[in-house]
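What follows is the residue order along each chain.
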Amino acid sequence: MFCCLKNCLNGVLPAQSVHITKAPNPVQLDTSHMGHEVVIIKNGLRACGTGGVLANAPLVQSKSYFEVKLQQSGHWSIGLATQQTDLNQSVGGKDRESWCLNSNHLVLHGGDVVYRLDASKAGAPNSGQNSPGHTVPGSVPVDLTPASAPVFPAPGSGSGATGSAVIGLPQEGDTIGVAYDHVELNFYLNGKNLNVPVLNVRGSVHPCLFVDDGAILDIVLDNFAYGPPPGFERILIEQSLL
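Residues numbered from 1 in each chain as written. Predicted model: local features only at pLDDT ≥ 70, side-chain atom pairs only at ≥ 80, totals over all residues. Heavy atoms only, no water.

Glancing now at the pairing of strand S8 (residues 112–117). Along any regular strand the residues' side chains alternate between the sheet's two faces. As judged from the four bridges shared by strand S7 (residues 106–109) and S8, these two strands associate in the antiparallel manner. What sits directly across from His109, in S8, is Asp112. (Pairing = 2+ DSSP bridges. Helix = DSSP H or I, 4+ residues; strand = E, 2+ residues; numbered from the N terminus.)

Below, the structure is given as structure tokens:
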């Protein structure tokens, strides 16, 4: 009887298994490198309040990628910065130590406009002049000296189309991808390249987020929503590269 019962249950009884707990990603927002009024929650992955914060790992590998989810609108900046940047500012890219895409659709470095995203320029040549202190209506004012910068319409923009994935201007709920290969810094909107390559990024740089006026940003360091461009991968900590 025992033998019959054993044969009947053969393959039915669950096999013994060992539960493996996935180790948390050691890369996160760094509470030792953030502005005085920044709040970091969600296990070091969410920034709110006012000011800037760096990630705790520099980008040392050849091709790095991370994403930022725009959880709540407000004034925000996303990009790269060295540890010498002023994290008590509410806007990234205003000093020589940071390179950021901002919620007013300007890519800034050293207070200069490097690029200006402008959906109204769809179909126009990728060049133009920025007026002093130019901002997009409803965005954070930035005190800028006159600067010329290419105007880049959104990929696939055109009449009769709606939604940020079409017009190419980031909105609440969108995902900004950031790719850096020590030659170019590139930004992606919901998986689409915004074609605003930033050159001459210098020094040991970290991912940086700036928030103000109610903005909430989540940094995504693995399990990406859209995935990195070919050849790029999630940020690796330095000792894993040795």
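Locating Asp174 in the fold gives a position in the loop between helix H2 (164–167) and strand S12 (175–180). Nearest to the buried, unbridged Asp174 among oppositely charged side chains is Lys69, at 8.3 Å. In this structure the side chain of Asp174 is engaged in a polar contact, spanning 2.8 Å, whose partner is the backbone nitrogen of Gln171. (Buried < 20%, exposed > 50% of the residue type's maximum accessible area, 1.4 Å probe, protein only. Lys, Arg positive; Asp, Glu negative; His and termini not counted. Salt bridge = Lys/Arg side-chain N within 4 Å of Asp/Glu carboxyl O. Polar contact = N/O pair within 3.5 Å; in protein donor to acceptor, adjacent residues only side chain to side chain.)

To continue, consider the pattern of salt bridges. If you walk through the whole model with that rule in mind, you get three salt bridges. Of the charged contacts, one joins Arg96 and Asp112 as a salt bridge, the two residues approaching to 3.8 Å between their closest N and O atoms. Placement of the pair is Arg96 in the loop between strand S5 (75–81) and strand S6 (98–102) and Asp112 in strand S8, with a sequence separation of 16 residues. Arg96 sits in the exposed class, given a relative accessible area of 51%. With a relative accessible area of 32%, Asp112 lands in the partly exposed category. Each of the salt bridges in this network shares a partner with another, and the network as a whole consists of Lys42, Arg46 and Asp218.

Structurally, Glu184 can be placed in the loop between S12 and strand S13 (185–189). Using a relative accessible area of 30% as the deciding quantity, one classes Glu184 as partly exposed. Through-space distance from the C-alpha of Glu184 to that of Val196 is 9.6 Å; in sequence the pair is 12 residues apart. Not counting the four nearest positions on each side in its chain, Glu184 is found in contact with Ala179, Pro197, Val198 and Leu199. (Contact = heavy atoms within 4.5 Å.)

Here the focus is unusual backbone geometry. Here the phi dihedral of Lys42 falls at roughly 55°; this positive angle occurs in a residue that is not glycine. Residue position: Lys42 is located in the loop between strand S2 (37–41) and strand S3 (46–55). Of the residues examined, Lys42 reaches a relative accessible area of 47% and is grouped as partly exposed. If you check the backbone angles, Asn195 has positive phi at about 55° while not being a glycine. The exposure class assigned to Asn195 is partly exposed, which follows from its relative accessible area of 40%.

What follows is about the nonpolar core. The biggest cluster of nonpolar side chains holds 38 residues, and the ones touching the most others in it are Ile78, Leu185, Phe187 and Leu209. If we ignore the near neighbours within four places in the chain, the residues touching Leu209 are Leu29, Ala47, Gly51, Gly52, Val53, Val68, Ser77, Ile78, Leu217 and Ile219. Core analysis: the next-biggest nonpolar cluster, separate from the first, contains six residues, Leu54, Cys100, Cys208 and Phe210 among them. (Core = buried A, V, L, I, M, F, W, Y, C linked by side-chain atoms within 4.5 Å.)

Bringing the environment of Ser98 into the picture now. With respect to the helices and strands, the residue Ser98 is situated in strand S6. Ser98 sits 104 residues away from Arg202 along the chain, and the two C-alpha atoms are 9.3 Å apart. Setting aside chain neighbours within four positions, we find Ser98 in contact with Leu80, Ala81, Thr85, Gly92, Gly93, Leu108, His109 and Gly110. There is a polar contact of 2.9 Å between the side chain of Ser98 and the backbone nitrogen of Gly93. Within polar-contact distance, the side chain of Ser98 engages the side chain of Asp95 at 2.9 Å.

The subject of this paragraph is the confidence of the model for the protein. As a note on interpretation, predicted positions should not be read in detail where pLDDT is low. Taken residue by residue, the protein gives an average pLDDT of 79. The fraction at 70 or more is 68%. Every residue in residues 1–12 scores below 50 in pLDDT, and together they form zero contacts with partners more than four places removed in sequence or on other chains. Counting interchain partners and residues more than four positions distant, the pLDDT-below-50 stretch residues 121–167 has 87 contacts. (pLDDT = per-residue confidence, 0-100.)

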